[in-house]
Protein chains: 2
Amino acid sequence: MSGGAGFPLKTVAIVGLGLIGGSLAKAIKKNTPCRVLGLDKSETVLEQALACGAIDKACAPKELAQADLVFLCLYPQQAVDFVTEHLTCFRKGGLVTDVAGIKGMICQMLPPLAQRGGFTFIASHPMAGREKNGFSASDADLFCGASYLLVPCGAPQAAVQTLSAFALRLGFAGVRLTTAEEHDRMIAFTSQLPHALACAYVLSPQCPNHKGFSAGSYRDVSRVARINETLWSELFLDNRDALIAELDCLMGNLQDIRNAIQAGDREELTRLLRRGRQIKEDLGE
Amino acid sequence: MSGGAGFPLKTVAIVGLGLIGGSLAKAIKKNTPCRVLGLDKSETVLEQALACGAIDKACAPKELAQADLVFLCLYPQQAVDFVTEHLTCFRKGGLVTDVAGIKGMICQMLPPLAQRGGFTFIASHPMAGREKNGFSASDADLFCGASYLLVPCGAPQAAVQTLSAFALRLGFAGVRLTTAEEHDRMIAFTSQLPHALACAYVLSPQCPNHKGFSAGSYRDVSRVARINETLWSELFLDNRDALIAELDCLMGNLQDIRNAIQAGDREELTRLLRRGRQIKEDLGE
């Protein structure tokens, strides 16, 4: 996939070499001819990233001006703080994006900063993760087959096309353009609710004794309980209304099932479970 | 694995050739020298099972007397009804077991029937499944790596050993001896709750639009919503108290997370999520 003097991006910088930033760096080196600059607060991580070829150079914030494209791979508020503090470091006319799991706050704060800094900002969210954190868990193939969500935030269409094409080069299966509002409403259901649920589930007094009594359904529901609680608390609080709506909807549906069981109402219970099956079947899953 | 004149079981009968019964028949033919007899209400299924070699012979209830071991692969109440109706058909001194996902009702009803019929009954539950039903979804390797739960119900130790050894031959990773009460309490958490949850989860108004916005956590929580609602309604109602306790526990934990989000209480929210992570870490998962 490498080579090509006509490749539109020469240098890409990754700010924050955790699971996602590290995986992006590796995926870029694997799939494109770009030079990759890395920033991280940890010297050890920078040395590891250099040693394994995930980045070409550890750089200081002022060197971000060399980058055609910057990925902010930080917690949401950290990303805003970083851009605010280093606003003059970004290349004029360059492209900056993020990877945060919520978009409302990001799309409110970053476009005005980008305008002041003279660069283009597009919000994005790679829909991939792992149950482990940090650079040591990063993987060049993390994004293979995943969806790349993109909120243009008023950026020129050419910039949106450049970032979309770049994402497909990294292995993403598709790019989905969306709005901050739609993103946060959907993510509350597809991602945040399962994480809240996994934590609530494993708090059952039976959980520590499950071994020998469990199979795939325990494994699948509990998997993401191995959570980064600092990051996810921030994501949950940044998406409060949408997540509360999903939690209330789920608790209401669980209560309906509970009431049918309590009442011994087989007909109603069967009807509720059948609705679940039909939704999955209608989706072809 | 086949061969051996000293193999303790010559003929095994499977009553009900659905997903579990069909998979047991195939696993027995694959891994043991036993002759397999099959009973099913569907002539088509019997023909398919004969054609693919999953069974050696389709048999009538009275021919069950030929079987050293009978697996009742029916819904729980059906299993009790079948034994009641055909009590004199089973071999005197033979071994009979079931595969039902609840054990309280089974272990109350079947041992007295077994005593009247002059055979030994051991309750069992192979911890394996699929999102598809019926003989066409059956698989000789369905049980590989799974746990085989066994409630002796007062059977002689030699019979328990015979059935345990047989299960290991079929690919089960281990046999766990338990009581009906412990089984039903644990299964409410490890299996029934995830199934109720999956159905409640996909009832969200966002679900039909999830594609492009979802990844592993949606897939895992929603997987078992493709449910056999007739079977699972019976299983839920047969395990009412234990399942309601788990549902109430889960809804209480979800409510705690919801309240922390509503209050914007980051410290409490982080604490709740950290407990989930620690439970998984303590389990080494």
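As a reminder, the structure under discussion sits directly above these lines.
Conventions adopted
Residues numbered from 1 in each chain as written. Chains lettered and ligands numbered in written order. Predicted model: local features only at pLDDT ≥ 70, side-chain atom pairs only at ≥ 80, totals over all residues. Heavy atoms only, no water. Least-squares fit on C-alpha atoms with pLDDT ≥ 70 in both. Contact = heavy atoms within 4.5 Å. 1 Å grid on protein atoms, 1.4 Å probe; cavity = no way out; pocket = protein on both sides within 12 Å on 5 of 7 lines; lining within 4 Å. Points joined across faces, edges and corners; volume = space filled by probe spheres on them. Nonpolar A, V, L, I, M, F, W, Y, C, P; charged D, E, K, R; others polar. Pairing = 2+ DSSP bridges. Helix = DSSP H or I, 4+ residues; strand = E, 2+ residues; numbered from the N terminus. Buried area = accessible area lost by both parts, 1.4 Å probe. Salt bridge = Lys/Arg side-chain N within 4 Å of Asp/Glu carboxyl O. Polar contact = N/O pair within 3.5 Å; in protein donor to acceptor, adjacent residues only side chain to side chain.

1. Things to note about the relation of the copies chain A and chain B
Next up, step 1: Placing chain A over chain B gives an RMSD of 0.0 Å and needs a rotation angle of 180°, together with 0.0 Å of translation along the axis. Both copies of the chain, as the preceding transformation shows, are related through a two-fold rotation axis.
Next up, step 2: Counting the interface residues of chain A, we find that 100% of their copies in chain B are interface residues as well, pointing to one common contact surface.

2. Examining empty space enclosed by the protein
Gaps left between atoms show up when a probe the size of a water molecule is rolled over them.
All names here are of chain A.
Next up, step 1: This structure, assessed with the given rule, holds 1 cavity of 30 Å³ or more.
Next up, step 2: Computed from the structure, the largest cavity encloses a volume of approximately 30 Å³.
Next up, step 3: Leu64, Ala67, Val70, Phe90, Arg91, Gly94, Leu95, Val96 and Phe119 are the residues that line the largest cavity.
Next up, step 4: Split by residue class, the lining of the largest cavity holds 7 nonpolar, 1 polar and 1 charged.

3. Re the sheet that holds strand β4 (residues 69-72) of chain B
All names here are of chain B.
Next up, step 1: With mixed pairing, the 8 strands of this open sheet are ordered in space as β3-β2-β1-β4-β5-β6-β7-β8. The open sheet has two edge strands with one neighbour each: β3 (57-58) and β8 (174-177).
Next up, step 2: As judged from the 4 bridges shared by strand β7 (residues 147-151) and β8, these two strands associate in the parallel manner. The residue of β8 that forms the bridge with Tyr148 is Val175.

4. Notes on the interface of chain A and chain B
Next up, step 1: Of the residues lining the interface, 83 residues belong to chain A; the matching set on chain B comes to 83 residues.
Next up, step 2: Across the chain A to chain B interface the summed buried area is about 8,300 Å²; carbon plus sulfur atoms make up 68%.
Next up, step 3: It is Phe189, Leu203 and Phe213 of chain A that lose the most area in chain A upon contact with chain B, and together they represent 10% of the buried surface on that side.
Next up, step 4: Where chain A meets chain B, there are 8 salt bridges.
Next up, step 5: Summed over the shared surface of chain A and chain B, the number is 48 residue pairs in polar contact (both at pLDDT 80 or more).
Next up, step 6: Where the side of chain A that touches chain B is concerned, the elements lending two or more residues are β7 (147-151), α6 (180-202), α7 (216-222), α8 (229-238), α9 (240-262) and α10 (266-282) of chain A.
Next up, step 7: Tallied by class, residues from the side of chain A that touches chain B come to 41 nonpolar, 22 polar and 20 charged.

All we've got here are geometric facts, nothing functional implied.
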